Amino acid sequence: MKNQSVKNNIDWISVFIYISLVVLGWLNIYSSSLLSTEGTYQKQLIFIGCTIPLIFVVLFVDGKFYEKYASIIFGVSLLSLLGLFVFGKTIAGQRCWYAIGSFTLQPSEFAKAATSLALAKYLSDTQINLKDVNRQIQALAIVFLPVLLILPQPDPGSALIYSIFIVVLYREGLPSWYVWTGFITILLFVLTLVLEPYAVILIALGVLIILHFKGRAVDRNILLSGILLAVISAFVLSVDYVFDNIFKQHHRDRFNILLGKTVDMKGIGYNTNQSEIAIGSGGWIGKGFLEGTQTKGGFVPEQHTDYIFTTVGEEWGFVGSLVVIALFVGLFLRVIYLAERQKTKFSRVYGYCVAGILFTHFFVNIAMVIGIFPTIGVPLPFFSYGGSGLWGFTILLFIFLKMDANKVNEW
């Protein structure tokens, strides 16, 4: 079949949303850093300019290249993460960057696309059945290898994003108990921080009793229920130790503030408090572009990076925030729609990964900014300042758009 041009087949709706988000992101970076002497918005403009040739390279490469060399790309990505422990530059206590002159490069931002390619490649093998335990272990190893290299940097925010791959694996046949186990573990952890451990164990016991008698008599297994209660009890009783000895002090402080156990508006809770003030002061239609008093006053730390959405809330108000959220949601839904109509499993799985990564970044960042999630350093895609993040998300998205444009040549 004769190849048709990418120009005619690329999804221009996705491209339009991408351009809109990048432009709006730069306008808000400009506003939040206008009084800065570090040239932040000028640097971001350079980063945006660099995405143009980057996009052309991604679209120029044959669509089959990404599938054929997915394992090699993944391997190179792992080596780049490993190299940080020797050659990495430490900034704010994190060894996450390579220094290249006056610029820095964060390999974990590119590792997400590499991991997506590797996972899609593995799952597209016709012999893969995720009901098989060995296959489950191999698939999970692809996901958690980068996590094991990212966590010690330490970069818990980037590591958290990889949890979305479990949902992708579930979509492709991973047993549902993996998802439920993860959800219940998080729930028990949070409940134990709020309540006494023994109260949580009593709640678990009550739930197990209800489930035991609600089920069919033939399915009732007292021994299994007892083992499950013992496992839950052991986990619950270990939460305080893990929280006090494994978590770092600033992580504990952020959880305590989020759960209302500590009030610290001038210390660790300052960022979130100022963020909420800025967003709340925007009202329905905002104070106007470049007119945000919280923004101009520099009250919100790191406003041009992880807290960029506070500028949107203050200067563009509820209506402007809703427009930005609508653009993001539109992009997620569009990518999922395109993924569902792919002719190959590789492209489909990769599309799910793209949608999942972008959504998780969006959800965690917004939740963090409005104070319903701890501050862990997760940027808003296409919006937050930074070349690595912008380029990483751009590569992630446009590899998929290349695959989608190439599907007319698939049999």
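Thresholds applied
- Residues numbered from 1 in each chain as written.
- Predicted model: local features only at pLDDT ≥ 70, side-chain atom pairs only at ≥ 80, totals over all residues.
- Heavy atoms only, no water.
- Helix = DSSP H or I, 4+ residues; strand = E, 2+ residues; numbered from the N terminus.
- Buried < 20%, exposed > 50% of the residue type's maximum accessible area, 1.4 Å probe, protein only.
- Core = buried A, V, L, I, M, F, W, Y, C linked by side-chain atoms within 4.5 Å.
- Domains from an automatic or database assignment.
- Pairing = 2+ DSSP bridges.
- Axes fitted to C-alpha atoms, helices over the stretch in contact; angles between N-to-C directions.
- Contact = heavy atoms within 4.5 Å.
- Buried area = accessible area lost by both parts, 1.4 Å probe.
- Salt bridge = Lys/Arg side-chain N within 4 Å of Asp/Glu carboxyl O.
- Polar contact = N/O pair within 3.5 Å; in protein donor to acceptor, adjacent residues only side chain to side chain.
- Parallel < 35°, antiparallel > 145°, perpendicular 65-115°, else oblique.
- Nonpolar A, V, L, I, M, F, W, Y, C, P; charged D, E, K, R; others polar.
- Expected span 1.5 Å × (residues − 1).
- Bend = angle between axes of the 7 residues up to and from the residue.
- pLDDT = per-residue confidence, 0-100.
- Patch = residues over 30% accessible without salt bridge, like charges linked within 9 Å, V, L, I, M, F, W, Y side chains within 5 Å.
- Areas by Shrake-Rupley, 256 points an atom, 1.4 Å probe, with all protein chains shown as cover.
- Left-handed = near helix turned anticlockwise from the far one by under 90°.
- Phe/Tyr/Trp six-rings, centres within 6.5 Å; stacked < 30°, edge-to-face > 60°.

Draft legend 1. Region of the structure containing the side chain of Thr115. Within the secondary structure layout, Thr115 lies in helix H6 (residues 108-123). Given the relative accessible area of 0%, Thr115 is considered buried.

Draft legend 2. Geometry of the nonpolar core. Among the nonpolar cores identified, the biggest contains 91 residues, and Leu119, Leu169, Phe328, Tyr350, Phe382, Leu397 and Phe398 are the most heavily contacted of them. Among the elements that make up this core, the one with the highest residue count is helix H17 (residues 345-369) (14 residues). When residues of this core are assigned to domains, at least three map to each of domain 1 (1-60 + 261-392) and domain 2 (62-172). Counting residues in hydrophobic clusters, the runner-up holds six residues, among them Leu188, Ala204, Ile232 and Val236.

Draft legend 3. Up close: the sheet that holds strand E1 (residues 89-91). The three strands lie next to each other as E1-E2-E3, forming an open sheet whose pairing is antiparallel. Because the sheet does not close on itself, it has two edges, and the strands there are E1 and strand E3 (103-105). Each neighbouring strand pair of the sheet contributes to a mean axis angle of 55°, computed without reference to strand direction.

Draft legend 4. Broad picture of the domain arrangement of the protein chain. Considered domain by domain, the protein chain is made up of domain 1 (1-60 + 261-392), domain 2 (62-172) and domain 3 (174-245). The distance between the C-alpha centroids of domain 1 and domain 2 comes to 22 Å. Facing the 26 residues of domain 1 at the interface are 26 residues of domain 2. Interface area, domain 1 with domain 2, both sides summed: about 2400 Å², of which 70% is carbon and sulfur. It is Phe346, Ile357 and Ser388 that lose the most area in domain 1 upon contact with domain 2, and together they represent 26% of the buried surface on that side. At the junction of domain 1 and domain 2, the tally comes to three salt bridges. As a salt-bridge pair, Lys345 and Glu172 come within 3.9 Å of each other at their nearest N and O atoms. At the junction of domain 1 with domain 2, the criterion picks out seven residue pairs in polar contact (both at pLDDT 80 or more).

Draft legend 5. Region of the structure containing the packing of helix H14 (residues 270-281) against helix H16 (residues 309-340). Where H14 contacts H16, the two axes come as close as 6 Å, and the packing angle between them is 30°. Comparing the axis directions of H14 and H16 gives the class roughly parallel. Contact residues: Ser275, Ala278, Ile279 and Ser281 in H14; Phe309, Thr310, Gly313 and Glu314 in H16. Considered class by class, the residues forming the contact of H14 with H16 number three nonpolar, four polar and one charged.

Draft legend 6. Spatial organisation of helix H12 (residues 222-245). When the terminal C-alpha atoms of H12 are compared, their 35 Å separation across 24 residues agrees well with the 34 Å that a helix rising 1.5 Å per residue should span. Remark: the principal bend of H12, roughly 35°, maps to Ser238. Ile232, Ser233, Val236, Val239 and Phe243 are the residues of H12 that are buried.

Draft legend 7. Broad picture of the pattern of salt bridges. Within the structure shown, the criterion is met by eight salt bridges. Ionic pairing is found between Asp11 and Arg334, a salt bridge with its closest N-O pair at 2.5 Å. Here Arg334 lies in helix H16 and Asp11 lies in the loop between helix H1 (6-9) and helix H2 (12-32), a separation of 323 residues in the sequence. As far as the burial class goes, Asp11 and Arg334 line up, both buried. Among the ionic pairs, Asp404 bridges to Arg341, the shortest N-O distance being 3.7 Å. Here Asp404, found in helix H18 (residues 387-406), pairs with Arg341, found in the loop between H16 and H17; they are 63 residues apart in sequence, far enough to count as distant.

Draft legend 8. Examining the confidence of the model for the protein chain more closely. Counting all residues, the mean pLDDT for the protein chain is 86, and 92% of those residues have values of 70 or more. Looking across the protein chain, the model is least confident in helix H13 (residues 249-258), with a mean pLDDT of 72, and most confident in H6, with 95.

Draft legend 9. Examining a nonpolar patch on the surface more closely. On the surface, Trp284, Ile285, Phe318, Val319, Leu322 and Val323 cluster together to form a nonpolar patch covering roughly 660 Å² of accessible area. On the secondary structure map, Leu322 appears in helix H16. Residue Leu322 is classed as partly exposed on the basis of its relative accessible area of 46%.

Draft legend 10. Seen up close, the packing of H6 against H17. For the pair H6 and H17, interaxial distance at closest approach is 8 Å and the crossing angle is 145°. Seen along the crossing, H6 lies across H17 with a hand that is right-handed. Across the interface between the two elements, Lys112, Ala113, Ser116, Leu117, Leu119, Ala120, Lys121 and Leu123 of H6 pack against Lys345, Phe346, Val349, Tyr350, Cys353, Ile357 and His361 of H17. Its residues assigned to classes, the contact of H6 with H17 comprises ten nonpolar, two polar and three charged.

Draft legend 11. Fine view of the packing of aromatic side chains. According to the stated counting rule, one finds 23 aromatic pairs in the structure shown. Residues Phe47 and Trp391 carry aromatic rings whose centres are separated by 5.5 Å and whose planes lie at 85° to one another, so their mutual orientation is edge-to-face. Placement of the pair is Phe47 in helix H3 (residues 40-60) and Trp391 in helix H18, with a sequence separation of 344 residues. With respect to class, Phe47 is no different from Trp391; both count as buried. Cluster of aromatic residues (ring-pair linked, three or more members): Phe328, Phe332, Phe359, Phe362, Phe363 and Phe383.

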